[in-house]
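A closer look at the structure
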Amino acid sequence: MKTIKKVILAASISTVALAHSSFAADVTFRIHQFLPAHSNVPKLAIEPWAEKVESESEGRIEFQHFPSMQLGGRPQQLLDQARDGVVDIVWTALGYTPGRFPKSEVFELPFISPNNAELGSRAFYNFVQNHAGDEFKGLKVIAVHTAGPGIFHSKDPIQSLEDVEGTKIRGASRLVNMLLDNLGATPVGIPAPSIGEAMSKGVISAASLQWEAVPTLKLEQMVKNHTEFSGDKSLYTGTFAFVMNPQAYDKLPADLKAIIDKNSGEDTAALFGRAMDEGDRRGRSAVVTEGNNIITLDENETARWQEKTLSVRDSWIKEVKEQGIDGVAVIDAAEKTIKEHLSQ
């Protein structure tokens, strides 16, 4: 009797072992990015994407998520980490590497991108595929996307162009700094996590930032005024990429490549855009709950800003011309792509 029990027990252990081995991952990919895990994009886009791929591969593909630069380096190095195989997949802002994506940067120009990040992300993905794919050489593109509209968060109300003159404002990117300089403000380049300290020390009195970052930074407690614009175009936006090391992709068998491919492209770009839109809704809601002053510039005042910032386009066109790029044609292609998506 004891012998039979031992045989049954051994058989049971063997069965469990076989069951576990059948679900063991064929490959484990490391995802590296710069935000805390609880932030909007990691929580609402990266993690759902990874879970979907794991499920569709029946556990043969597995992901390890390393937020907040846990694998080392700086955000500016993420793209090279993916290209060089230091990590397998990264999510990062293209603006961290100025000059590397000159054609893609067109979506960050004033009043180019739509206010809706999901639509903007679909348009941006298609623009990159058709007009700027060469900028991502050495990377397997899973998705590229935009953020929502950039707005001003300020100690004093910004109700007109004149209100920014002489004001020290945190710029969100190279092009935003150009925009601020053009408006007569003093752009101050500091990372988003440093905004609170800079505000308290008087280094800046306003910041350019999307709504979605407000709760993370507790910005609704630092300033009481928030300025947004009329119309369907953003004062500015940010551009981002979710990319993979091509050698890591190439090593996959055909059926697993197909799963990665199925979860790459415009719909995945839209997933990231929706995460940004949801973050914007949450951020704006936090400001409303705090009882802060939300200023929406009317159509006439917004038109003044649009006209004033046209010179930023002109400067950008001259810059990219030196790289052999027809900036006018790039802007036309971007605006045509965006118009197509806005009309859908």
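For the structure, see preceding data.
All of the points below concern the structure found in this document. Remember, it's a predicted structure, so these values are computed and weren't measured experimentally.

With respect to the sheet that holds strand E4 (residues 140-146)
- Here we have five strands laid out as an open sheet, ordered E2-E1-E3-E10-E4, and mixed in their pairing. At either end of the open sheet lies a strand with only one pairing partner, and these are strand E2 (61-66) and E4. Neighbour to neighbour, the strand axes of the sheet diverge by 15° on average, direction disregarded.
- Looking at chain direction, strand E1 (residues 27-33) and strand E3 (residues 89-93) are connected through three bridges and run parallel. Among the inter-strand pairings, histidine 32 is bridged to a residue of E3, identified as valine 90.
- Each of E1, E2, E3, E4 and strand E10 (239-244) is contacted by helix H2 (residues 40-56), which is oriented at about 160° to E2, the strand it contacts most.
- Here helix H4 (residues 117-132) sits on the sheet and contacts E4 and E10; the angle it forms with E4, its principal contact strand, is near 140°.

Some thoughts on the sheet that holds strand E7 (residues 186-188)
- The six strands are arranged E7-E6-E8-E5-E9-E11 in an open sheet whose pairing can be described as mixed. Both outer strands of the open sheet, E7 and strand E11 (293-297), are each paired with one neighbouring strand and no more. Averaged over neighbouring strand pairs, the angle between their axes works out to 30° when direction is ignored.
- Sheet topology note: the strand E5 (residues 150-154)/strand E8 (residues 206-210) ladder contains five bridges and is antiparallel. Bridge pairing in E8 places isoleucine 151 opposite leucine 209.
- The strands touched by helix H11 (residues 266-290) are E8, strand E9 (225-229) and E11; relative to E11, the strand with the most contacts, the crossing angle is about 120°.

Notes on the pairing of E3
- Of all five residues in E3, five are buried; the element is thus mostly enclosed.
- Where burial is concerned, the two faces of E3 agree: the one with Ile89, Trp91 and Ala93 and the one with Val90 and Thr92 are both buried.
- One ladder, built from five bridges, connects E3 with E10; its direction is antiparallel. Within E10, the residue paired with threonine 92 across the bridge is alanine 241.

Quick notes on the packing of aromatic side chains
- What the rule picks out here adds up to 13 aromatic pairs.
- Measuring from ring centre to ring centre gives 5.2 Å for tryptophan 49 and phenylalanine 63, while their planes differ by 55°; the resulting arrangement is tilted. Residue tryptophan 49 is found in helix H2, and its partner phenylalanine 63 is found in strand E2; the two are separated by 14 residues along the sequence. One exposure class covers both tryptophan 49 and phenylalanine 63, and it is buried.
- Ring centres of phenylalanine 101 and phenylalanine 136 lie 4.8 Å apart, and the angle between their planes is 40°; on these two criteria the pair is classed as tilted.

Definitions and cut-offs
Residues numbered from 1 in each chain as written. Predicted model: local features only at pLDDT ≥ 70, side-chain atom pairs only at ≥ 80, totals over all residues. Heavy atoms only, no water. Pairing = 2+ DSSP bridges. Helix = DSSP H or I, 4+ residues; strand = E, 2+ residues; numbered from the N terminus. Axes fitted to C-alpha atoms, helices over the stretch in contact; angles between N-to-C directions. Contact = heavy atoms within 4.5 Å. Buried < 20%, exposed > 50% of the residue type's maximum accessible area, 1.4 Å probe, protein only. Phe/Tyr/Trp six-rings, centres within 6.5 Å; stacked < 30°, edge-to-face > 60°.

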